[in-house]
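# Reading the structure
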Amino acid sequence: MSGPIRVIVHPPSPTGGRRVGVDGEILGLAHSVVDVAEFLRRAGLEIDPAEVAKVPWIGWRGVGPELWGPEM
């Protein structure tokens, strides 16, 4: 995939989970990289959950893929 980052994983919410957006549209609230991969699959972007943290076209806001809850 080329071009600007299309996928944004927002910082963890105070109640846990992270909003996932593609091209400005929020797809849902993820609680793991598996959830992110599923949201992306539904949006037509196939990706293995093991690759979610590694691809350059996913932008991680606040923290990386290791934190999902309010424990920040």
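Just above, that's the structure.
Owing to the predicted nature of the structure, the values given are computational and were not obtained by experimental measurement.

Once that is clear, we can look at the nonpolar core. Grouped together as the largest cluster of nonpolar side chains are 17 residues, with contacts concentrated most on Val 7, Val 36, Leu 40, Ile 47, Trp 57 and Ile 58. Elements supplying a minimum of two residues to this core: strand E1 (7-9), strand E2 (18-22), helix H1 (33-42) and strand E4 (58-60). When sequence neighbours within four positions are dropped, the list of residues in contact with Val 7 reads Val 20, Gly 21, Val 22, Leu 40, Leu 45, Trp 57, Ile 58 and Gly 59.

Position of Pro 70 relative to the elements: it lies in the segment after E4. Sequence-wise, Pro 70 and Val 7 are 63 residues apart; in three dimensions their C-alpha atoms are separated by 21 Å. Setting aside its immediate chain neighbours within four residues, Pro 70 contacts Ser 13, Pro 14, Thr 15 and Gly 16.

This part is about the sheet that holds strand E3 (residues 25-30). Taken in spatial order, the four strands make up an open sheet running E3-E2-E1-E4, and their pairing is mixed. Among the strands making up the open sheet, the edge pair consists of E3 and E4. Adjacent strand axes in the sheet meet at a mean angle of 20 degrees, parallel and antiparallel pairs treated alike. Pairing between E2 and E3: five bridges, direction antiparallel. Within E3, the position partnered with Val 20 by the bridge is Gly 28. Where H1 meets the sheet, its contacts fall on E1, E2, E3 and E4, and the angle it forms with E3 comes to roughly 150 degrees.

The next subject is the side chain of Arg 18. Within the fold, Arg 18 resides in strand E2. Although Arg 18 lies buried, it forms no salt bridge, and the closest oppositely charged side chain, Glu 66, sits 6.5 Å away as judged by the N-O distance. Here the side chain of Arg 18 touches Gly 64 through a polar contact of 2.6 Å, landing on its backbone oxygen. A polar atom in the side chain of Arg 18 sits 2.9 Å from the backbone oxygen of Leu 67.

Bringing unusual backbone geometry into the picture now. Outside of glycine, negative phi angles account for most residues, and trans bonds account for most peptide bonds. Phi is positive for Asp 23, which is not a glycine, with a value near 50 degrees. The topology assignment puts Asp 23 in the loop between E2 and E3. Under the relative-accessibility criterion, Asp 23 is labelled exposed at 56%.

Each value, and the rule that gives it
Residues numbered from 1 in each chain as written. Predicted model: local features only at pLDDT ≥ 70, side-chain atom pairs only at ≥ 80, totals over all residues. Heavy atoms only, no water. Core = buried A, V, L, I, M, F, W, Y, C linked by side-chain atoms within 4.5 Å. Buried < 20%, exposed > 50% of the residue type's maximum accessible area, 1.4 Å probe, protein only. Helix = DSSP H or I, 4+ residues; strand = E, 2+ residues; numbered from the N terminus. Contact = heavy atoms within 4.5 Å. Pairing = 2+ DSSP bridges. Axes fitted to C-alpha atoms, helices over the stretch in contact; angles between N-to-C directions. Lys, Arg positive; Asp, Glu negative; His and termini not counted. Salt bridge = Lys/Arg side-chain N within 4 Å of Asp/Glu carboxyl O. Polar contact = N/O pair within 3.5 Å; in protein donor to acceptor, adjacent residues only side chain to side chain.

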